[in-house]
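An overview of the molecular structure
If you want the building blocks of each chain, they are given just below.
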Amino acid sequence: MAKAFVVAVDGPGGVGKGELTRRLAKALDFELLDSGAIYRVLAYAARKAGLALFDEDSLVQEAKFMNLTFEPTDAGVKVLLGDEDVTLAIRTEEAGVNASKVAALPKVREALLQRQRDFCVEPGLVADGRDMGTVVFPKAEVKIFLDASAEVRAKRRELQLKAQGKVADYDLILSEIKERDDRDRNRAVAPLVPASDAVVIDSTDMSIEEVFNKAMSLVEEKRKGL
Ligand code: C5P
């Protein structure tokens, strides 16, 4: 019986997983899961509903019942919460920090597991997150842990924001990246760590093309061996 081929890509915020996984999904013609977007939408929905970001039981209810859809468009994936287009609202640094707060709650993570696993369809899935290879898809055919120093990630983010004509303060970005790293790496459940069978790619001195080529070669190698 055919089975979905899963490529799990984990790593800290701002490391370029989004760009890499979008390219991989397109090249392989696989489904794409942006698991961070789910945590971001949950934090956004919680704020909108007036919930505290530590109110675990209410957040679990929100996680189970929020009406979230990813809609592919020519300009990229549109993220909808009910009828509301939240694509841009969930991409701010604050939304990232809020997401990392709700993501630290064990029951919230549990409530979102099946929603994430439902993305796994044939012929395959490219999954972007923090615990794709360790918790959500422990049997993934390829596991990549993409890393880069906090300073390089902050610099890339600063340039990205400036290119969009936005105000960007390097020191503030760096401190938010470090705050989020700290929470993601040190939480009790599903902390950000490479799976024991993951290939670690340090992209500090690599271009996106080099990272993409390396990831594709890992996928091709595995496919040949199956
Ligand atoms: O990847 P992204 O920056 O969109 O993720 C936002 C936050 O969601 C992360 O800082 C992390 O706390 C949380 N997250 C997580 N597990 C995932 C994906 C994201 O805990 N699989």
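Described in the following lines is the structure provided in the data block.

Analysis parameters
Residues numbered from 1 in each chain as written. Predicted model: local features only at pLDDT ≥ 70, side-chain atom pairs only at ≥ 80, totals over all residues. Heavy atoms only, no water. Near = heavy atom within 4 Å. Polar contact = N/O pair within 3.5 Å; in protein donor to acceptor, adjacent residues only side chain to side chain. Areas by Shrake-Rupley, 256 points an atom, 1.4 Å probe, with all protein chains shown as cover. Helix = DSSP H or I, 4+ residues; strand = E, 2+ residues; numbered from the N terminus. Core = buried A, V, L, I, M, F, W, Y, C linked by side-chain atoms within 4.5 Å. Buried < 20%, exposed > 50% of the residue type's maximum accessible area, 1.4 Å probe, protein only. Contact = heavy atoms within 4.5 Å. Pairing = 2+ DSSP bridges.

**Structural notes on the site of the ligand**
The environment of the ligand is formed by 17 residues, the closest being Arg40, Arg109, Arg180, Asp184 and Arg187. Here arginine 130 contributes a side-chain N or O atom positioned 2.9 Å from an oxygen atom of the ligand. In the model, an oxygen atom of the ligand is placed 2.8 Å from a nitrogen or oxygen of the arginine 180 side chain. Burial of the ligand by the protein chains amounts to 96% of its free accessible area of 450 Å². Ranked by the residues each element gives to the shell around the ligand, the list is headed by helix H2 (residues 35-48), at four residues.

**Topic: the nonpolar core**
In terms of nonpolar packing, the biggest core is built from 37 residues, with Leu33, Val41, Met66, Leu112 and Phe137 touching the most fellow members. In terms of residue count, H2 provides more of this core than any other element does, eight residues in total. In this structure methionine 66 touches Ile38, Val41, Leu42, Leu81, Leu112 and Arg115, once residues within four positions along its chain are discounted. Counting residues in hydrophobic clusters, the runner-up holds 21 residues, among them Val9, Val15, Ile201 and Ala215.

**Regarding the pairing of strand E7 (residues 142-147)**
Along E7, five of the six residues are buried, which leaves the element largely enclosed by surrounding structure. In the sheet, strand E1 (residues 5-10) pairs with E7 via four bridges, with the strands oriented parallel. Bridge pairing in E7 places aspartate 10 opposite phenylalanine 145. Relative to strand E8 (residues 199-202), E7 runs parallel, the two sharing four bridges.

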